[in-house]
Amino acid sequence: MTARQLHLNLFVYPGGHHEAAWRYHGSDPDRILDIRFYQELARRAEQATFDAVFFADGPSLPDNVRYASRFRLEPFTWLSAIAAATTHIGLIATASTTYSEPYNLARLFASLDHLSGGRAGWNIVTTGAPQAAQNFGLDEHPVHAERYDRAREFVDVATRLWDSWEDEALVADQKTGVFADTDRIHTIDHEGRHLKVRGPLNTPRTPQGRPVYVQAGSSQDGRSFAATYAEAVFTAHQTLASGQEFYADIKARAAALGRDPDKVLVLPGISPFIADTETAARRLHEEFNELTQPAYSLQLLHRLLGIRLTEEQLDGPVPRELIETRGERGNGSRFRLVLDIVDREQPTVRQLLHRLAGARGHRVIAGTPEQVADQLQEWFEHGAADGFNVMPPWLPGGFDLFADQVVPILRERGLFRTAYEGSTLREHYGLPRPAGSNASLQHAAQLFDTDI
């Protein structure tokens, strides 16, 4: 086997990643609120020695839920149930720095990491959906730059909270009667532009020290944030050249900040349609596209590009002149990705909608198991990826095909593990356990003088 190995996550969306997945005859939409369904998927991914299951989230109901299974289950509840049904696979939860408070979020991740034996990962998002604001008492969604400014402060505070207990603070000495060494538990006394948090956390330091930091976003703010904080970067690219540019840029930015670029994993999303022949795989992809609802797709296009089109325009060209590239929307990485498809391929509206239906701008592959493996290997060996977020078009069958037919090929080529070598997500990703930062010299012994 080669020294360098692929990293694979199962990215779970209710029903699957194609917008029409729930309508496909091989899907089981009656089970998308059944935790046993997701436990079975996670155990299946663990049998295939995947690094992690990843669960996306957002604090608002998508406008297009009328036509697709795009509701949200709360990720910590979901992943706690997954933790109880598995032993090795990592557990990555999406949580917003815009619509959360660092103390509560630090507690949730610390609990998940403890109860899973060190398998927690945090997908750090600033939340892109503007309708979330009114669910949290705000009239308007904070602008892009403001959200990232808060995110940087938020991550710094959460990190210090996880480090507020030194590793040796939990003593539990039955003979002396000392449960915790309070000289090793510290307040953080943070007062910043956005946040004010005293600390310490009311949970001991976790098996991983803190969750693996994951980031998804390819804007300039997103790239800067990833280079500073992320240990794994989820990203979307349509071409090898685009993937290579992003990969090189993230690694260079991380190195410039004094970080080891090999410890910043770049993991693009891929959504594979797999069949015995390429023709059959393409036919399967088309079968899904024929199940799409134009009203849903046009609404998605409006959200991504800001243009309102009608069904009468489906077979005409995308009106490039109507797309406004300035302003808040123009800062978004997904906007730029879709705009690149429009400029590069000059599709009809219908063709563009079908491109987006597969995985919302992530790369869709239709081919035989060997062809899918070939493309993953090409990106992995030519500087575009350290691994992939596998986004099955439908569940469970779309993932079963990948696990049964593609994973064995990757193993035969020496590109993917045959067994876990560790038990934590950090170990799966080849990441070190961070040392505690001990950010404050003030300790919290006084907090233990009074029973609560």
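Going by the structure above, here's the rest.
Residues numbered from 1 in each chain as written. Predicted model: local features only at pLDDT ≥ 70, side-chain atom pairs only at ≥ 80, totals over all residues. Heavy atoms only, no water.

(A) Examining the layout of surface pockets more closely. Empty space within the second largest pocket amounts to approximately 490 Å³. Residue classes in the lining of the second largest pocket are distributed as seven nonpolar, seven polar and eight charged. (1 Å grid on protein atoms, 1.4 Å probe; cavity = no way out; pocket = protein on both sides within 12 Å on 5 of 7 lines; lining within 4 Å. Points joined across faces, edges and corners; volume = space filled by probe spheres on them. Nonpolar A, V, L, I, M, F, W, Y, C, P; charged D, E, K, R; others polar.)

(B) Looking closely at the nonpolar core. With 69 residues, the main nonpolar core has Phe 50, Val 53, Phe 109, Trp 122, Trp 162, Phe 402 and Leu 410 as its most contacted residues. One finds Ala 236, Phe 335, Leu 337 and Leu 352 within the second-largest nonpolar core, a separate group that totals 21 residues. (Core = buried A, V, L, I, M, F, W, Y, C linked by side-chain atoms within 4.5 Å. Buried < 20%, exposed > 50% of the residue type's maximum accessible area, 1.4 Å probe, protein only.)

(C) A look at unusual backbone geometry. At the junction of Gly 199 and Pro 200, the peptide bond is cis and its omega measures out at 0° in the coordinates. Within the secondary structure layout, Pro 200 lies in the loop between β8 (196-197) and β9 (212-216). Look at the link from Leu 395 to Pro 396: it is a cis peptide, with omega at 0°. Here Pro 396 shows up in the loop between β13 (387-390) and α12 (397-412). (Helix = DSSP H or I, 4+ residues; strand = E, 2+ residues; numbered from the N terminus.)

(D) Spotlight on helix α5 (residues 220-229). Listed in full, the buried residues belonging to α5 are Gly 222, Arg 223, Phe 225, Ala 226, Ala 227 and Tyr 229. Looking at the buried positions of α5, the neighbouring elements they touch are β4 (120-125), α4 (144-162), β9, β10 (232-235) and α6 (240-256). (Contact = heavy atoms within 4.5 Å.)

(E) Representation of the packing of α5 against α6 within the structure. Two elements in contact, α5 and α6, have axes separated by 8 Å at closest approach and are oriented at 50°. Taken together, the axes of α5 and α6 lie oblique to each other. Crossing angle aside, the handedness with which α5 passes α6 is right-handed. On the side of α5, the interface is formed by Gln 220, Arg 223, Ser 224, Ala 226 and Ala 227, while α6 contributes Glu 245, Phe 246, Asp 249, Ile 250, Arg 253 and Ala 254. When the residues that make up the contact of α5 with α6 are grouped by side-chain class, the tally is five nonpolar, two polar and four charged. (Axes fitted to C-alpha atoms, helices over the stretch in contact; angles between N-to-C directions. Parallel < 35°, antiparallel > 145°, perpendicular 65-115°, else oblique. Left-handed = near helix turned anticlockwise from the far one by under 90°.)

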